[in-house]
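Okay, here's what each chain looks like letter by letter:
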Protein chains: 2
Amino acid sequence: MLPGVGVFGTGSTARVLVPMLKAEGFEVHALWGRSEEEACSLAKELGIPFHTSRSDDVLLHQDVDLVCIYIPPSMTRQIAVKALGIGKNVVSEKAATAVDSFQMVNAARYYPQLLSIMGNTLRFLPTFAAMRQLLAEGYVGEVQVCDVRVYGPSLLDRSYGWTCEDLMGGGGLHTVGSVIIDLLSYLTGTRAQRVHGLLRTFVQQNDTIRGIRRVTSDDFCFFQMLMGPCSGGVCCTVTLNFNMPGTFLHEVMVVGSTGRLVARGTELYGQRNGSKREELLLGDGGRAGPDVKDVPLPHLLGLGAMVKALRQSFQAHQERRLWARGPVATAPTFEDGLYVQTVVEAVKRSSCSGEWECVEIMSKEPDPNQNLCEALHRNKN
Amino acid sequence: MLPGVGVFGTGSTARVLVPMLKAEGFEVHALWGRSEEEACSLAKELGIPFHTSRSDDVLLHQDVDLVCIYIPPSMTRQIAVKALGIGKNVVSEKAATAVDSFQMVNAARYYPQLLSIMGNTLRFLPTFAAMRQLLAEGYVGEVQVCDVRVYGPSLLDRSYGWTCEDLMGGGGLHTVGSVIIDLLSYLTGTRAQRVHGLLRTFVQQNDTIRGIRRVTSDDFCFFQMLMGPCSGGVCCTVTLNFNMPGTFLHEVMVVGSTGRLVARGTELYGQRNGSKREELLLGDGGRAGPDVKDVPLPHLLGLGAMVKALRQSFQAHQERRLWARGPVATAPTFEDGLYVQTVVEAVKRSSCSGEWECVEIMSKEPDPNQNLCEALHRNKN
């Protein structure tokens, strides 16, 4: 039986998510927005019976068994951790920092019977599911290089907000790069050991963001990841450019010793070393579909495929809070979310230091008083 | 009046160059090959009256006023410097090292009345001439990012030779990367200040190179260049992958504040930020043409355009050794060759050190005895 859903967020993702949930048979009982007006307006538009700007009203809502969190990264951790604590299943967007992600991991570990998955994923997209399957079957031989490019228009909101702020989780690396980092570890079955990157903010002011305000989040990002064992691992290169209005390009290429696979948008192509030309392995069936503003097609279809998997997972049980692991087995866990966030922060460090940075996953929470302690300690001597 | 030409080299470039020279009205009087047999065979095939394996026989040939050098990089410096010393005009492929390039620069400076240009260039290709013109006219606004990708099959010769050896000037970075480095400085009008790179040799042995022999030259290379002033310069990213048999992709993209330009192969596309789609700015007129093995189309057409410019340059004068600067004014000089070689070596250093490396153009020749002197000095103490 399908659980009742509460949705956090009134942005473009929440806007497309709700109809998807309904189409799969979920009932969306409650919507949270940062302001009463935003929540009210979207709830009316999407036909959601209850709306609020107080998070507890959704978390404690008796018909809500599954909470979907699509809000600014800096607020995510708090809601996600609390939702698990109250005993709700959680699908969540990424948090703003590795420390936040680590706290989400702790909560997820504490309630293993609850569903807790990262909700911004390309793993469920048939293109990448097929790509992973073909890689596992040896279509390209030994994987050598992954080369990813995402080009598009600005990611900034029309008004000044978290999307403009590096520290609030804005920017191409955090927003789009994190999805790619997750995807590459899913496709190759390995994780980044060392990373090198370069971030730039070419557009620091625009028509609506001006005066004393400046954008600090990156609109161009370029990073490399060395995956797997130190010698002979996979080289990944990722180029993100969001200074290209009127363009949307999403290309993921994997080159191996005996062939290659390329996902262009939602279509999958392949070529083995012997053959003269590329073959289309998976078309999108002309699904260029309705162009939903602000949500690129691969992410849109990925979200849809995730909702379908959620439906299958919950349908397997009679009790509406119970779910089956099978259909969501490939979903990124909160642990994967922590890994991704760790890579993002290592790339940012590298952009400052100019050096290769190691990806070291946090295993215990840093002491928030550490700086203070060190200062006290120094003063004593 | 057109000068008589002597050609050094029997490789794929020399093979396509000679017919191009003849088509423009040059007479090719002499051909040099590393072995008598190679020279004889190609001279017969191309209808060149004289062939030899002794370089002086070409350099001192009385009908030869222009020497074209397309031989392995490690031999280039010696021939180029000698040719200038004898008073011949020189078109030369790149040398193997910055020290070699520096000696070529010195020779060129010493004989400023002689023509001395680098002979491996995309500058003359109408695509890039148009691109440069449009950039100068502000089509893309302020240039932010250049993104170049060249994918293709292996660059290795069938048998073991210099193409397999990093130190002999083999590898994707040295062979193709150098042309791109030159092109980007031509397009942007600036030079790289700092570079970061990663080189890999994924295929170390193949059907013909095996046993104790290993390939040391790179088949995958990936580098970034920060061009122009330290703050707010242009970021260039270049990806070269030569593990992709059956593919040839040559894409040069320049993204700016108000639009972008993309050269795909020999076609030029553009899009301004306001417009919904790309426009074709310069087609190749269906010139996909005869697929000449081992010489990619942009290089082939670039070479043809250079030969045409040479013809115009020499035609301007009655005396067959004199030439006009105008038609070859945009050609890369030996100074440009030294710059390119310096960047190549900085990228290689970066791949070893993992750090950003500065591009410092040699201004005096390093003392060949420096290591020896230092060793003696250490022993004294």
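Just so it is clear, the model here is predicted, and its values are computed rather than measured.

**Let's talk about the relation of the copies chain B and chain A**
Least-squares fitting of chain B to chain A yields an RMSD of 0.0 Å, with the transformation described by 0.0 Å of translation along the axis and a rotation of 180°. Between the two chains, the operation in question is that of a two-fold axis. Closest approach to the rotation axis within chain B is made by the C-alpha atom of B:Glu355, at a distance of 2.7 Å. Of all interface residues in chain B, 100% are interface residues in chain A too; the two copies therefore contact each other through one and the same surface.

**A short note on the sheet that holds strand β10 (residues 234–241) of chain A**
All names here are of chain A. Pairing is mixed across the open sheet formed by 9 strands, whose spatial order is β14-β13-β12-β11-β7-β10-β9-β8-β15. Edge strands, defined here as strands with exactly one partner in the open sheet, are β14 (279–282) and β15 (357–358). Inspection of the sheet shows strand β9 (residues 220–227) paired to β10 by 8 bridges, in the antiparallel sense. Bridging from a neighbouring strand, Phe-222 pairs with Thr-239 of β10.

**Describing the interface of chain B and chain A**
The interface is formed by 35 residues belonging to chain B together with 35 residues belonging to chain A. For chain B, the biggest contributors to the area lost against chain A are B:Gln144, B:Phe202 and B:Phe222; these three give 15% of the whole. One can count 2 salt bridges joining chain B with chain A. Among the salt bridges present, the one from A:Arg149 reaches B:Glu251, with a minimum N-O distance of 3.2 Å. The tally of links between chain B and chain A comes to 13 residue pairs in polar contact (both at pLDDT 80 or more). Residue assignment for the side of chain B that touches chain A shows that the elements contributing at least two residues are β7 (143–151), β8 (192–200), β9 (220–227), β10 (234–241) and β11 (249–256) of chain B. No other element matches the 5 residues that β7(B) contributes to the side of chain B that touches chain A.

**Observations concerning the packing of aromatic side chains**
Following the criterion strictly, the structure yields 9 aromatic pairs over all chains and no others. Here A:Phe222 and B:Phe222 contribute two aromatic rings whose centre-to-centre distance is 5.4 Å and whose plane-to-plane angle is 15°, an arrangement assigned as stacked. On the criterion of chain membership, the pair formed by A:Phe222 in strand β9 and B:Phe222 in strand β9 is interchain, its members lying in two chains. Each of the two residues, A:Phe222 as well as B:Phe222, counts as buried. A centroid spacing of 6.0 Å and a plane angle of 55° characterise the contact between B:Phe202 and B:Phe220, whose relative ring orientation is tilted. In this pair, B:Phe202 is assigned in the loop between β8 and β9 and B:Phe220 in strand β9, connecting sequence segments 18 residues apart. What makes B:Phe202 partly exposed here is its relative accessible area of 22%.

**Regarding the packing of helix α6 (residues 126–136) of chain B against helix α7 (residues 172–188) of chain B**
All names here are of chain B. The N-to-C vectors of α6 and α7 enclose an angle of 35°; their axes lie 8 Å apart at closest approach. Facing α6, whose interface residues are Phe-128, Ala-129, Met-131, Arg-132 and Leu-135, α7 presents Leu-183, Tyr-186 and Leu-187. Of the residues belonging to the contact of α6 with α7, the class tally is 7 nonpolar, no polar and 1 charged.

**Quick word on the pairing of strand β4 (residues 66–69) of chain A**
Residues and elements named next belong to chain A. Neither face of β4 is left uncovered, since the one carrying Leu-66 and Cys-68 and the one carrying Val-67 and Ile-69 both have all their residues buried. In terms of strand pairing, strand β1 (residues 4–8) meets β4 through 4 bridges, oriented parallel. Bridged to Val-7 within β4 is Cys-68. Pairing between β4 and strand β5 (residues 89–92): 4 bridges, direction parallel. Within the sheet, the bridge partner assigned to Val-67 lies in β5 and is Val-90. The parallel pair β4 and β5, bridged by helix α4 (residues 73–86), forms a crossover whose chirality is right-handed.

Thresholds applied
Residues numbered from 1 in each chain as written. Chains lettered and ligands numbered in written order. Predicted model: local features only at pLDDT ≥ 70, side-chain atom pairs only at ≥ 80, totals over all residues. Heavy atoms only, no water. Least-squares fit on C-alpha atoms with pLDDT ≥ 70 in both. Contact = heavy atoms within 4.5 Å. Pairing = 2+ DSSP bridges. Helix = DSSP H or I, 4+ residues; strand = E, 2+ residues; numbered from the N terminus. Buried area = accessible area lost by both parts, 1.4 Å probe. Salt bridge = Lys/Arg side-chain N within 4 Å of Asp/Glu carboxyl O. Polar contact = N/O pair within 3.5 Å; in protein donor to acceptor, adjacent residues only side chain to side chain. Phe/Tyr/Trp six-rings, centres within 6.5 Å; stacked < 30°, edge-to-face > 60°. Buried < 20%, exposed > 50% of the residue type's maximum accessible area, 1.4 Å probe, protein only. Axes fitted to C-alpha atoms, helices over the stretch in contact; angles between N-to-C directions. Nonpolar A, V, L, I, M, F, W, Y, C, P; charged D, E, K, R; others polar. Right-handed = clockwise from strand over helix to strand, strands pointing away.

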